[in-house]
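# Remarks on the overall topology
For reference, the chains in residue letters:
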Amino acid sequence: MTTTARHLATIDLLRARSFDGSRGFHLAELATSEEFWEDDGTRREAVGDQYEAEREGLAVLLAARWGPPRRLPLGPVLERSMEGESIPEPWSTLSGHTPDLYLWEADGAWIGLGVSQWDKELPFQLLAVVTTVDPPAEPLPDGDGSPQA
């Protein structure tokens, strides 16, 4: 089985799992890179590009199933959390290490793909999440174009 086929099988397994008695989400590391403690930045950049390319490839295959994904930037979610807003899981934790997710809604669940890195020396992770918890609503701009409080 190819790496891509394993990733798709893992996503299908997450979707098939029951949410009864769970936190309302399932999260899987599809791939994890090496660490970058001794790196001058060049290897980290190349690996980051590779992980983004893997996500893009999976997104194309998943788009064939469920249509084009929605992109959810998680930086604003992290900011809202740090300002004291209660953000539900898995969105709160994901926002601390995953810049954005590609999201699809299918069969009553959200399916997301993201590339995570907790810090520049730590590994990249290609993540898949399946959840029944709706993503945080994006703040609507008020009359002057700035986000509402």
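Since the model is a prediction, treat every value here as computed from it, not as a measurement. (Residues numbered from 1 in each chain as written. Predicted model: local features only at pLDDT ≥ 70, side-chain atom pairs only at ≥ 80, totals over all residues. Heavy atoms only, no water.)

A low pLDDT score tells you not to read the predicted coordinates there in detail. Within the protein chain, residue pLDDT values average 89, and 91% of them lie at 70 or more. The element-level mean pLDDT for the protein chain is lowest in helix H3 (residues 75–82), coming to 92, with strand E5 (residues 125–131) highest at 97. In the predicted structure, residues 143–149 sits below a pLDDT of 50 and forms 10 contacts with residues beyond four places in sequence or in another chain. (pLDDT = per-residue confidence, 0-100. Helix = DSSP H or I, 4+ residues; strand = E, 2+ residues; numbered from the N terminus. Contact = heavy atoms within 4.5 Å.)

Turning our attention to the nonpolar core. Grouped together as the largest cluster of nonpolar side chains are 23 residues, with contacts concentrated most on Ile11, Leu30, Tyr51, Leu113 and Leu126. For this core, the secondary-structure elements that each account for two or more residues are helix H1 (3–16), strand E1 (25–32), helix H2 (42–66), strand E3 (100–106), strand E4 (109–116) and E5. Sort the elements by how many residues they give to this core and H2 lands first, with 5 residues. Once you skip the residues sitting within four places of it in the chain, Leu126 turns out to touch His7, Ala28, Glu29, Leu30, Ala31, Tyr51, Glu54, Arg55, Leu58, Gly114 and Val115. Within the second largest apolar cluster, 13 residues are counted, among which are Leu72, Val77, Trp91 and Leu103. (Core = buried A, V, L, I, M, F, W, Y, C linked by side-chain atoms within 4.5 Å. Buried < 20%, exposed > 50% of the residue type's maximum accessible area, 1.4 Å probe, protein only.)

So, about the pairing of E5. Most of E5 is tucked away, with 7 of its 7 residues classed as buried. Taking every second residue as pointing to the same face, both faces of E5 are buried, with Gln125, Leu127, Val129 and Thr131 on one and Leu126, Ala128 and Val130 on the other. One ladder, built from 7 bridges, connects E1 with E5; its direction is antiparallel. Bridge assignment links Leu27 to a residue of E5, and that residue is Val129. (Pairing = 2+ DSSP bridges.)

Enumeration according to the criterion identifies 7 salt bridges in this entry. One salt bridge connects Arg55 with Glu52, and the closest N-O pair in it is separated by 3.0 Å. Of this pair, Arg55 and Glu52 both sit in helix H2, separated by 3 residues, roughly a single helical turn. (Salt bridge = Lys/Arg side-chain N within 4 Å of Asp/Glu carboxyl O.)

A cis amide bond links Glu89 to the next residue, Pro90, at an omega of 10°. Of note, the phi angle at Asp107 is positive, near 55°, even though the residue is not glycine. Mapped onto the secondary structure, Asp107 falls in the loop between E3 and E4.

Below, the discussion takes up the packing of H1 against H2. Running from N to C, H1 and H2 point in directions that differ by 55°, and their axes come no closer than 11 Å. Taken together, H1 and H2 sit at an angle that is classed as oblique. The chirality of how H1 crosses H2 is right-handed. Contacts from Thr4, His7, Leu8, Ile11, Asp12 and Arg15 in H1 reach Glu54, Leu58, Leu61, Leu62, Arg65 and Trp66 in H2. (Axes fitted to C-alpha atoms, helices over the stretch in contact; angles between N-to-C directions. Parallel < 35°, antiparallel > 145°, perpendicular 65-115°, else oblique. Left-handed = near helix turned anticlockwise from the far one by under 90°.)

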